[in-house]
Amino acid sequence: MLEKIETAAAAGVDWIQIREKDFSGKACAALTREALRRAAKASENKVVPTRILVNDRLDVALAENAGGVHLGEKSLPVQEAKRLVDAPRSGKDFLIGVSCHSPDAAKSAAENGADYLFFGPVFATPSKAAYGAPQGIERLAEVCRSVSIPVLAIGGVTLENASSCLDAGASGIAAIRLFQDAEDISSLVRALRKMAG
């Protein structure tokens, strides 16, 4: 996994999320620390280095000086996370993102101070099947129009359908399989950046 993180950072992936949900706090912190080290080294020649986000574990993200935390619908509420982040890290660049599966959840997250949203699943995907039927491009466009923060499309995003997400107003895409299965992450990132114009 760490080699994949290093490869992705070197290829120009903007954000990498640590989502080892079954790890203890100690194991998650160790993984995050090493991911941060490798991503910094691999992206040292980039203007903006790859940002490492930690899924759900605000304590680990803060302790390891990660680039942010990503909260799910059952995680700590955004406003509580912001309160905890603002006190010790005033002025630091730390993002709080939220996964949303409905327009109402997206509006609520934005109103409560989220810095960005993941919205989906836009397309069918096994990893997001628990969240119901795919939301579709029209719903993604509705969410993008209804909030003033960046929205990233997630769920079943492929190289073939990523442009439709961007055309709908998404600021970017988030994916597991797309990057995990890529034989050449650098070529994939270049193709995605070309789409984004």
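From a predicted model like this one, the values you see are computed outputs, not experimental measurements.

Thresholds, definitions, all that
Residues numbered from 1 in each chain as written. Predicted model: local features only at pLDDT ≥ 70, side-chain atom pairs only at ≥ 80, totals over all residues. Heavy atoms only, no water. Pairing = 2+ DSSP bridges. Helix = DSSP H or I, 4+ residues; strand = E, 2+ residues; numbered from the N terminus. Axes fitted to C-alpha atoms, helices over the stretch in contact; angles between N-to-C directions. Contact = heavy atoms within 4.5 Å. Phe/Tyr/Trp six-rings, centres within 6.5 Å; stacked < 30°, edge-to-face > 60°. Buried < 20%, exposed > 50% of the residue type's maximum accessible area, 1.4 Å probe, protein only. Left-handed = near helix turned anticlockwise from the far one by under 90°. Nonpolar A, V, L, I, M, F, W, Y, C, P; charged D, E, K, R; others polar. Arc of directions from axis to C-beta. Polar contact = N/O pair within 3.5 Å; in protein donor to acceptor, adjacent residues only side chain to side chain. Disulfide = S-S within 2.5 Å.

1. Digging into the sheet that holds strand S6 (residues 151–154)
Alright, step 1. As summarised here, the arrangement of the seven strands in space is S1-S2-S3-S4-S5-S6-S7, forming an open sheet in which the pairing is parallel. Sheet topology places strand S1 (15–18) and strand S7 (172–174) at the edges, where each strand pairs with a single neighbour. The mean inter-strand angle of the sheet, taken between neighbouring strand axes irrespective of direction, is 30°.
Alright, step 2. Relative to strand S4 (residues 95–100), strand S3 (residues 68–71) is paired through four bridges, and the arrangement is parallel. Residue Gly68 lies in a different strand from S4, and its bridge partner there is Leu95.
Alright, step 3. Across the sheet, helix H2 (residues 25–42) lies against S1 and strand S2 (51–55), angled at about 165° from S2, the strand it touches most.
Alright, step 4. Here helix H5 (residues 103–111) sits on the sheet in contact with S4 and strand S5 (116–119), set at roughly 165° to S4.

2. Some words on the packing of aromatic side chains
Alright, step 1. All told, the structure shown has two aromatic pairs when counted by the stated rule.
Alright, step 2. Relative to Tyr116, the ring of Trp15 has its centre 4.7 Å away and its plane inclined at 55°; by these criteria the two rings are tilted. Placement of Trp15 in strand S1 and of Tyr116 in strand S5 is noted, with a sequence separation of 101 residues between them.
Alright, step 3. Trp15 sits in the partly exposed class, given a relative accessible area of 29%.

3. So, the packing of helix H1 (residues 2–11) against H2
Alright, step 1. Axis separation between H1 and H2 bottoms out at 8 Å; the angle between their running directions is 35°. Crossing of H1 against H2: the hand is right-handed. Here Leu2, Glu3, Ile5, Glu6, Ala9 and Ala10 of H1 come into contact with H2, specifically with Leu31, Glu34, Ala35, Arg38, Ala39 and Ala42.
Alright, step 2. Split by residue class, the contact of H1 with H2 holds eight nonpolar, no polar and four charged.

4. Quick word on H1
Alright, step 1. For H1, the complete set of buried residues consists of Ile5, Ala8, Ala9 and Ala11. Along H1, the residues classed as buried sweep out an arc of 160° about the axis, all on the same side. In H1, the exposed positions that point more than 90 degrees away from the buried face belong to Glu3 and Ala10.
Alright, step 2. Against the buried residues of H1 lie S1, H2, S2 and helix H9 (185–196).
Alright, step 3. Downstream of H1 by one or two residues, Gly12 has phi in the positive range, about 105°.

5. Overview of the side chain of Thr50
Alright, step 1. In this structure, Thr50 sits in the loop between H2 and S2.
Alright, step 2. Take Thr50: its relative accessible area is 8%, and that puts it in the buried class.
Alright, step 3. Among the polar contacts made by the side chain of Thr50, one reaches the side chain of Lys46 at a distance of 3.0 Å.
Alright, step 4. Every residue in contact with Thr50, bar those within four places of it in the chain, is listed here: Ala9, Val13, Asp14, Trp15, Ile16, Ala39 and Ser43.

6. A word on the state of the cysteines
Disulfide: a covalent bond connecting the sulfur atoms of a pair of cysteines.
Alright, step 1. Overall, the coordinates contain zero disulfides when judged by the stated rule.
Alright, step 2. Looking at Cys144, it has no disulfide partner, and the nearest cysteine sulfur is the one in Cys165, 8.8 Å off.
Alright, step 3. Look at Cys165 and you get buried, because its relative accessible area is 0%.

Note that all results are geometric; they support no functional claim without further evidence.
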